[in-house]
Amino acid sequence: MPANAPHLQIDPADPDESPVRARMSRILEGSDFPALSKQIIETISALDDDASSLQRLANVVLREYSLTLSVVRTANSVHYRRSGRSIQSATHAMMMLGAKTVRQLASSLLLFENFHRRSPALKELMLQSLLTANHAREVANKLQMQEPEEAHLCGMFRNLGEVLIACHFGEDYARIQTMMHDEGKSETGATKAVLGFPYADLGAEVSRHWGMPDAVVQGMRARASTSVSLSAAVTAFSHDLTVALYSHEQTPDGAGVALEEVIERHSAKIKISREHVREVIASALNETRELFSSLHIPSDRMRFKQLSESARSAIGVAAFETGEWAAVTASSEDDALQLRDRLRQELESAADASSGTALGDVLLLALEGALRGGPFDRVIVCILDADKGRLVARSGLGEGIEALLPHFDFPMNIRGGPVVTATQQRAPIYLPNDRSMNAIEARWAGTLRVAQFGVFPIVVSGKIVGCLYVDRAMDGEMAAITPDRAALRYVKSLSEIMVTAIAARRRLSTAVPVEPVRETPKSAVPAAAGVEPARSGADRVALVLQLLQGASSDAVSKESGVSVVQLEAWRAEVLAAAAARLQ
């Protein structure tokens, strides 16, 4: 659990326990809620942009198809895109976006993935939550706010309390809906009558349990007249926008009037033109459509037609494309080939030493390429230790990888097992495609619940450096399906690019000229507080090489006493000198 997430201690037998905590206690006892909590807490806990956090986040994102698509799409959006080239790799996208943005995006989509396939009522709630989230992101962009993905997160979690009641207390939720629709009660009046508290109280309690940012809780309680921050005001405006346009009670003809009322009600805090509001509505609806289509989510065409008509009526034009809400089917074989090509191209670009990409990040890109492009259940890159006596897992991706990695620490001798034996052969092998497993291989694979596996040695300048390992698990969907030759050739090409990356960075260490630096005697100039010590050319190159080999800037800065800004400047100088030397 994150450090800022309070430990929730609930005593069901306590007669003084609040109604909110009583409901929370029952939710925590549910069969599926702990799994969702674990995923969200794991995501929020990945605090830094260092290599270990990136790997943890990559495992969270790559486990869910919707997260992979959303992270890639976000990195390719106008707000984040820094070059003319599109991005296909989720790992590359995460490097660009940073851990905080990815955490926010991943948390939003984890909530959507968990609830949208359940009851019709929940599906409708999650649809409206997604529309609110997309409205919030677009409004944040229009207002030039620094963190549009935080706005998206707040929008997605705005209705968390209602979603939890609808999911875990269906009868109570139905009573609330009846009181609102048949008896004319307000939402606040109906929820207090049935639950004893408003939806936002439960949402806030769960959000704190997960360690969500304060902005999320503020957004849940925000109203047009009671927003404590601009972020909360954007959440309230986006929620009201969704209700005005897309509630079941709304007719297309009434949407325009309702929209004007929302704009006027929030005008004191949301300074946005009507033209921008129209663009927000169009972009949010299309973003929602694209997510449903890309995830092949079964949808009610009449419901989505109503959404489209309401939006068109409200903004007064029919100038944006809403398309068909049905999933678009394409050749899965063509998609796989295109994905492989794009992932390989991104890896090739990162492998070039002049790109400035750290070796650890290059290896992580290669792992994602193998995981998604194979596809495989787990992928691991193993590297020889400093003494070259052991082959040890450096990093890995895939389902259950955390439990598998500790088993990948092998002595480089006859007792090393199948992975070491295959690596020492210096040629790629995939079992059982190339041959049947022998008794030792079958026993090792059975112990780790591996149905099939491949080893692709990494050999640089004639010397073994490590290997790329891929597998399909006995419990996985692909256990009985062996990859075709094209897939294995593709993985082999990734291992060859890894060889290129390692070799290029080794050449860099010898290609950079080390110019002598005339150092002033320490006794001549007293050290001033906050002034970094002088560094020789050799020292600078040594520190840059640590960065290029995968160490984080923060870690090197802390160990050396050199600021991150200075380290990055030296890295740029070294790479420029190396590129000039190699031309």
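Owing to the predicted nature of the structure, the values given are computational and were not obtained by experimental measurement.

Each value, and the rule that gives it
Residues numbered from 1 in each chain as written. Predicted model: local features only at pLDDT ≥ 70, side-chain atom pairs only at ≥ 80, totals over all residues. Heavy atoms only, no water. Helix = DSSP H or I, 4+ residues; strand = E, 2+ residues; numbered from the N terminus. Buried < 20%, exposed > 50% of the residue type's maximum accessible area, 1.4 Å probe, protein only. Contact = heavy atoms within 4.5 Å. Areas by Shrake-Rupley, 256 points an atom, 1.4 Å probe, with all protein chains shown as cover. Core = buried A, V, L, I, M, F, W, Y, C linked by side-chain atoms within 4.5 Å. Axes fitted to C-alpha atoms, helices over the stretch in contact; angles between N-to-C directions. Parallel < 35°, antiparallel > 145°, perpendicular 65-115°, else oblique. Left-handed = near helix turned anticlockwise from the far one by under 90°. Nonpolar A, V, L, I, M, F, W, Y, C, P; charged D, E, K, R; others polar. Expected span 1.5 Å × (residues − 1). Pairing = 2+ DSSP bridges. Salt bridge = Lys/Arg side-chain N within 4 Å of Asp/Glu carboxyl O. pLDDT = per-residue confidence, 0-100. Phe/Tyr/Trp six-rings, centres within 6.5 Å; stacked < 30°, edge-to-face > 60°.

A. How the structure looks around the overall build of the chain. Counting its secondary structure elements, the chain contains 26 helices and six strands. Within the chain, buried positions represent 52% of all 583 residues. Summarising the internal contacts of the chain: among those between residues at least 6 apart in sequence, 67% fall at separations of at least 24. Only carbon and sulfur atoms are counted for the fraction: they give 51% of the accessible area of the chain, which is about 27000 Å².

B. Region of the structure containing the nonpolar core. One finds Phe157, Trp210, Leu241, Ile281 and Val470 to be the most contacted residues of the largest nonpolar core, which totals 125 residues. Residues in contact with Leu241, not counting those within four places in the same chain, are His135, Leu259, Val262, Val277, Val280 and Ile281. If you look at the next biggest cluster of nonpolar residues, it comprises 23 residues, including Ile380, Phe408, Met412 and Cys467.

C. Region of interest: the environment of Arg274. Checked against the element boundaries, Arg274 lands in helix 16 (residues 274-294). Of the residues examined, Arg274 reaches a relative accessible area of 39% and is grouped as partly exposed. In the structure, Arg274 is positioned 11 residues away from Ile263 in sequence and 8.0 Å away in space, judged by C-alpha atoms. When residues no more than four places from it in sequence are discounted, the contact partners of Arg274 are Glu260 and Ile263.

D. Molecular detail of the packing of helix 6 (residues 99-115) against helix 8 (residues 148-157). Across the interface, helix 6 lies against helix 8 with an axial gap of 8 Å and an inter-helix angle of 20°. Considered as vectors, helix 6 and helix 8 are oriented roughly parallel to each other. Judged by the sense of rotation from one axis to the other, the crossing of helix 6 with helix 8 is left-handed. When helix 6 is examined against helix 8, the residues Thr101, Gln104, Leu105, Ser107, Ser108, Leu109, Leu111 and Phe112 are found in contact with a partner set consisting of Glu149, Glu150, His152, Leu153, Met156 and Phe157. Of the residues belonging to the contact of helix 6 with helix 8, the class tally is seven nonpolar, five polar and two charged.

E. Just helix 12 (residues 199-210), in detail. Spanning 12 residues, helix 12 covers 17 Å between terminal C-alpha atoms, matching the ideal 16 Å at 1.5 Å per step. What helix 12 keeps buried is the set Tyr199, Ala200, Leu202, Gly203, Ala204, Glu205, Val206, Ser207, His209 and Trp210. Count one or two residues on from helix 12 and you reach Gly211, which has phi positive near 75°.

F. Examining the packing of helix 9 (residues 160-168) against helix 10 (residues 170-182) more closely. At a minimum axis distance of 5 Å, the contact between helix 9 and helix 10 shows a crossing angle of 120°. With respect to helix 10, the element helix 9 is oriented oblique. In this structure, helix 9 uses Glu162, Ile165, Ala166 and His168 to contact helix 10, whose residues at the interface are Gly170, Tyr173 and Gln177. Across the contact of helix 9 with helix 10, the residue classes break down as three nonpolar, three polar and one charged.

G. Molecular detail of the pairing of strand 6 (residues 463-473). Within strand 6, 10 of the 11 residues are buried, which leaves it mostly tucked inside the rest of the structure. Sheet topology places strand 1 (residues 378-384) next to strand 6; six bridges connect them, and they run antiparallel. For Val381, the partnering residue across the bridge sits in strand 6 and is Leu468. With 10 bridges joining them, strand 5 (residues 450-460) and strand 6 adopt antiparallel strand pairing. Bridge assignment links Val455 to a residue of strand 6, and that residue is Tyr469. Hairpin connection between strand 5 and strand 6: a loop of two residues separates the two successive antiparallel strands, and Ser461 in this loop has a positive phi of roughly 55°.

H. Expanded view of the pattern of salt bridges. What the rule picks out here adds up to 18 salt bridges. Across the salt bridge formed by Glu149 and Arg137, the nearest N and O atoms sit 3.0 Å from each other. Within this pair, whereas Glu149 is found in helix 8, its partner Arg137 is found in helix 7 (residues 120-142), the two being separated by 12 residues in sequence. Arg137 carries the same exposure label as Glu149, and that label is buried. Where Arg449 meets Asp475, a salt bridge forms, and the shortest distance between an N and an O atom there is 3.1 Å. One end of the pair, Arg449, is in the loop between helix 22 (439-447) and strand 5; the other, Asp475, is in the loop between strand 6 and helix 23 (485-511), with 26 residues separating them in the sequence. Linked through salt bridges whose partners overlap, the residues forming this network are Arg23, Asp172 and Arg175.

I. Spatial organisation of unusual backbone geometry. Pro375 follows Gly374 through a cis peptide bond whose omega is -10°. Looking at the secondary structure, you find Pro375 in the loop between helix 19 (359-373) and strand 1. Omega for the peptide link from Leu431 to Pro432 comes to 15°, which places this bond in the cis form. With a phi close to 60°, Lys388 is a non-glycine residue in the positive phi region. The topology assignment puts Lys388 in the loop between strand 1 and strand 2 (390-398). Of the residues examined, Lys388 reaches a relative accessible area of 57% and is grouped as exposed. For Arg426, which is not glycine, the phi torsion reads 65° and is therefore positive. Tracing the backbone shows Arg426 in the loop between helix 21 (418-424) and strand 4 (429-431).

J. Expanded view of the confidence of the model for the chain. Averaged over every residue, the pLDDT of the chain is 80; residues scoring 70 or more account for 79%. In this model residues 1-15 is a low-confidence stretch, pLDDT under 50, and it forms 32 contacts with partners more than four residues away in sequence or in other chains. Confidence over residues 514-533 falls short of pLDDT 50; this stretch has 13 contacts with residues more than four positions distant or in other chains.

K. Structural view of the sheet that holds strand 6. Read from one edge of the open sheet, six strands run 3-2-1-6-5-4, paired in antiparallel fashion. Both edges of this open sheet fall to strand 3 (409-411) and strand 4, since each of them pairs with a single strand only. Pairwise comparison of adjacent strand axes, ignoring direction, gives a mean angle of 20° for this sheet. Note: strand 2 against strand 3, three bridges, orientation antiparallel.

L. Layout of the packing of aromatic side chains. Evaluation of the coordinates by the stated rule reveals nine aromatic pairs. For the pair Phe157 and Trp210, a centre-to-centre distance of 6.2 Å together with 90° between the ring planes defines the contact as edge-to-face. Remark: Trp210 occurs in helix 12 and Phe157 occurs in helix 8; sequence separation between them is 53 residues. Both residues of the pair, Phe157 and Trp210, count as buried. With a centroid separation of 6.0 Å and an interplanar angle of 70°, the aromatic rings of Phe408 and Trp444 are classed as edge-to-face. With Phe408 in the loop between helix 20 (401-404) and strand 3 and Trp444 in helix 22, this pair connects stretches of sequence that are 36 residues apart. Each member of the pair, Phe408 as well as Trp444, is classed as buried. An aromatic cluster is present here, built from Phe408, Phe410, Trp444, Phe453 and Tyr469 joined pairwise through their rings.

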